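# Notes for the structure review
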Amino acid sequence: MEIGSGPSLRHHPQPSSQIHKVERPPKQNVLTEFQTVIKETFFHDEPLHAFRGKRSRTKFYLVLQAIFPILEWAGSYNLQKFRGDLIAGLTIASLCVPQDIAYARLANLEPQYGLYSSLVPPLIYAFMGSSRDIAIGPVAVVSLLIGTMAQNEIDPKKNALAYRRLVFTATFFAGVTQFALGLFRLGFLIDFLSHAAIVGFMAGAAITIGLQQLKGLLGITNFTKKTDIISAMHSVFGTVHHGWNWQTIVIGLSFLAFLLLTKYIAKKYPKLFWVSAIAPLTCVIVATFCVYITRADKEGVAIVNRIKRGINPSSAHEIYWTGDLFLKGFKIGVVAGLIALTEAIAIARTFAAVKDYNVDGNKEMVAMGTMNIVGSMTSCYVATGSFSRSAVNFMAGCNTAVANIVMSCVVLLTLELITPLFEYTPNAVLASIIIAAVFPLVDIPAAILLWKIDKFDFLACVGAFFGVVFKSVEIGLLIAVAISFAKILLQVTRPRTAVLGRLPGTLVYRNVEQYPNATTVSGIMIIRVDSAIYFSNSNYIRERILRWLSNEEEDLKINSQPRIKFLIIEMSPVTDIDTSGIHSFEELHKTLQNRDVMLVLANPGAIVTEKLHASEFTKKIGEDMIFLTVADAIEMLSPRIKELP
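Rules used throughout
Residues numbered from 1 in each chain as written. Predicted model: local features only at pLDDT ≥ 70, side-chain atom pairs only at ≥ 80, totals over all residues. Heavy atoms only, no water. Helix = DSSP H or I, 4+ residues; strand = E, 2+ residues; numbered from the N terminus. Contact = heavy atoms within 4.5 Å. Areas by Shrake-Rupley, 256 points an atom, 1.4 Å probe, with all protein chains shown as cover. Lys, Arg positive; Asp, Glu negative; His and termini not counted. Charge placed at Lys NZ, Arg CZ, Asp CG, Glu CD. Phe/Tyr/Trp six-rings, centres within 6.5 Å; stacked < 30°, edge-to-face > 60°. Lys NZ or Arg CZ within 6 Å of the ring centre and 35° of its normal. Buried < 20%, exposed > 50% of the residue type's maximum accessible area, 1.4 Å probe, protein only. 1 Å grid on protein atoms, 1.4 Å probe; cavity = no way out; pocket = protein on both sides within 12 Å on 5 of 7 lines; lining within 4 Å. Points joined across faces, edges and corners; volume = space filled by probe spheres on them. Disulfide = S-S within 2.5 Å. Salt bridge = Lys/Arg side-chain N within 4 Å of Asp/Glu carboxyl O. Core = buried A, V, L, I, M, F, W, Y, C linked by side-chain atoms within 4.5 Å. pLDDT = per-residue confidence, 0-100. Pairing = 2+ DSSP bridges. Axes fitted to C-alpha atoms, helices over the stretch in contact; angles between N-to-C directions. Right-handed = clockwise from strand over helix to strand, strands pointing away.

In terms of helices and strands, the chain carries 26 helices and 8 strands. Each principal axis of the C-alpha distribution contributes one length, and for the chain these read about 105 × 70 × 55 Å. A sequence separation of at least 24 residues applies to 81% of the contacts in the chain between residues at least 6 apart. For the chain, the exposed area adds up to about 30600 Å²; of that, 63% sits on carbon and sulfur atoms. Charged side chains of the chain number 59 positive and 49 negative; the gap between the two group centres comes to 5 Å.

Right, dumping it as structure tokens:
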């Protein structure tokens, strides 16, 4: 640190009349302060702004629009927009049908339940959702999460009915969780799962899903129920001599190579996105035909067998409303609901940013919650926004949520007319579809970027990844949340502080570590606190300031320079302070008095100023020791340095 060796800085003199004092803001009563806090926390977007000055009939229509966003654009809908939605809907339907059958297997459910989940939820979302591009249905990660957590409670093979009832119960509570978060405007809670943790969790889930599909890809009959990589590898290599089926391997690897090739083509030539979109259905049709004409199922190739025909039956009576399984369903539902919501909101915001329109997070949560509550009563399991389908939907030129309605209509026709044709579909091709679908979830460039930008974020990513891969999905999720909270606590309890110096030729004061040519002022030390001051960090801030001061005084003593007489705390980054923070400042003031150093505050905000006045701390240090800027403080204090002993 460079210490100014010359006289006090008075190179830019200002008349005293130009130095502005910090004014105390108008005092608010307790009720007004409480209302302000509630508004900024839960209603920062002013949801009732549109209702001001409107007639009762108009307000009623606005309420309907808030509940059903489809009414906002239905009046301007035309044939041209429908043409784009029709093409997009048919395109994503060709992708969703084979994916739904495959994802149902991940959730340990019969294939038709995957199709059910792409029939009812998309219809409800089309009326209640605010995103124009998101495509609704089952997704791999949530399917794995539900399947893993539910089978830990009930064996899906030994007791299929009880297992299915538990899944419907979990779906119901997933919807209730999502609906409640949106209704009570608590969507900010999902932000506690950081982007870094999500990257690691998704990558770990993708690896886990891929490992689970080795059962179908290799034709293994006895496969572990555990999801960790050690157990999966033991099952794979423990059956290499007697459990693998070469016909199944040929089918699986051939179609997996084809799917990956189509993804590469679509990525390199975006206009050919439809090649990748129709590839899964093409694989299913070709593989089913080949197995049927060769009767490979008689050679050990596992097939789907019969898929139940018809639309969703009611399942409201199958939901557990009491007992131990009710609580287990609640636990699974809350976890699955939060993960599904996190993924859907991220997808909706991504495409909204590209098309330059706004997505209301709270409306999205209410829409997601409603569709899953209704879905749980119509034989669906947790549905959410699918990134692969949404990307195809976007590339296909969708204009509104009508694309979801078109997709649902195709799924309806599939359930009523086409499901018998899937009887000879080999499980190996479904496994290859799942592996190809989750492959992009391993985002290596994102992990590299995390390493470059923030090592703690990278740690959160790696922790979540290894937790999922080496233990379980639940443990990985727990690690992701724990590390995210740890980062928040670390940043809150250990805020940054910095010593400031003046940039040459200016009245600007900046961090001397960032700007080595910045010079400090003889006899004055300036420290900036880069955080609000609360009970959780007030003692640390006080100790850190005193440590800065002690280190500076030691350096001055070694160099035989004048001691520090004024300590200026730059408080512009301090957005708030509580009673513990003020108490810590009082202790700091006493300590400085014992060391013959005067405490000075510069640029405290309105809230901080009001609290300092209310606590009478300003009287203790003196009103003349609070300044609007650091430059004003230096201007006034520099002449006094020589007067002090």
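On we go.
Moving on to the packing of aromatic side chains. Overall, the coordinates contain 14 aromatic pairs when judged by the stated rule. Between Phe172 and Trp321 the ring centres are 5.1 Å apart and the planes differ by 80°, which places this aromatic pair in the edge-to-face class. Note that Phe172 is positioned in helix H8 (residues 160–183) and Trp321 in the loop between helix H13 (273–294) and helix H14 (324–355), a separation of 149 residues in sequence. Cluster of aromatic residues (ring-pair linked, three or more members): Phe172, Phe173, Trp321, Phe326 and Phe330. Above the face of the Tyr320 ring, Arg165 is positioned so that its terminal group lies 4.1 Å from the ring centre. If you follow Lys455 out to its NZ or CZ, it ends over the ring of Trp451, 4.7 Å from the centre.

This paragraph deals with unusual backbone geometry. The phi dihedral of Asn603 is positive, around 55°, even though this residue is not glycine. One can find Asn603 in the loop between strand S7 (598–602) and helix H24 (606–614). The partly exposed category is assigned to Asn603, whose relative accessible area is 28%. You will see that Glu616, though not glycine, has its phi angle at about 65°, which is positive. Looking at where Glu616 falls in the secondary structure, it is placed in the loop between H24 and helix H25 (617–621).

This paragraph deals with the layout of surface pockets. Taken as a whole, the second largest pocket encloses approximately 1000 Å³ of empty space. Lining the second largest pocket are 39 residues, and of these Arg105, Asn108, Leu109, Lys157 and Lys215 sit closest to its centre. Broken down by secondary-structure element, the contributors of at least two residues to the lining of the second largest pocket are helix H4 (79–106), helix H5 (111–116), helix H7 (140–151), H8, helix H10 (214–218) and helix H18 (427–438).

Inspection of every chain in the model, using the stated rule, returns 0 disulfides. Free of any disulfide, Cys96 has its nearest cysteine sulfur in Cys409, 12 Å distant. On the accessibility criterion, Cys96 (0% relative accessible area) is buried.

Bringing the pattern of salt bridges into the picture now. Throughout the structure, instances matching the rule amount to 17 salt bridges. The partner of Lys328 in a salt bridge is Asp324, and the shortest N-O contact between them spans 3.0 Å. Of this pair, Lys328 and Asp324 both sit in helix H14, 4 residues apart, roughly one helical turn. Look at Lys328 and you get partly exposed, because its relative accessible area is 23%. Lys620 is the partner of Glu586 in a salt bridge, and the nearest nitrogen-oxygen pair spans 2.9 Å. Of this pair, Glu586 sits in helix H23 (residues 579–594) while Lys620 sits in helix H25, placing them 34 residues apart in sequence. Salt bridges here are not isolated pairs; linked through shared partners, they connect Glu153, Asp324, Lys328 and Lys331.

Moving on, we come to the nonpolar core. Of all hydrophobic cores here, the largest spans 121 residues; its most connected members are Ile134, Phe201, Ile339 and Met368. Here this core takes 12 residues from H14, the largest share from any one element. If sequence neighbours within four positions are ignored, Ile134 has contacts with Tyr125, Ala344, Ile347, Ala348, Met368, Gly385, Ser390, Asn393 and Asn404.

Bringing the confidence of the model for the chain into the picture now. Averaged over all residues, the pLDDT of the chain is 88; the fraction at 70 or higher stands at 91%. In this model residues 1–17 is a low-confidence stretch, pLDDT under 50, and it forms 39 contacts with partners more than four residues away in sequence or in other chains.

The 6 strands are arranged S4-S3-S5-S6-S7-S8 in an open sheet whose pairing can be described as mixed. The open sheet terminates on both sides in strands that have one partner only, identified here as strand S4 (509–511) and strand S8 (626–627). Pairing of strand S5 (residues 524–529) with strand S6 (residues 566–570) involves 5 bridges; the strand directions are parallel. In the sheet register, Met525 faces S6, and the bridge partner there is Leu567. Here helix H26 (residues 630–641) sits on the sheet in contact with S4, S5, S6, S7 and S8, set at roughly 175° to S6.

Another aspect to go through is the pairing of S6. Burial of S6 is extensive: 5 of the 5 residues sit out of reach of the surface. Neither face of S6 is left uncovered, since the one carrying Phe566, Ile568 and Glu570 and the one carrying Leu567 and Ile569 both have all their residues buried. Between S5 and its parallel partner S6, the chain crosses via helix H22 (residues 538–558), and the hand of that crossover is right-handed. Note that S6 and S7 share 5 bridges and pair parallel. Residue pairing in the sheet places Phe566 in a bridge with Met598 of S7. In this fold, the crossover linking S6 to S7 by way of H23 has right-handed handedness.

The next point concerns the environment of Lys263. Relative to the assigned elements, Lys263 resides in helix H12 (residues 246–268). Remark: the alpha-carbon pair of Lys263 and Ala436, spanning 173 residues in sequence, is separated by 8.3 Å. Ignoring sequence-local partners within four residues, the contact set of Lys263 consists of Ser276, Ala436, Ala437 and Pro440.

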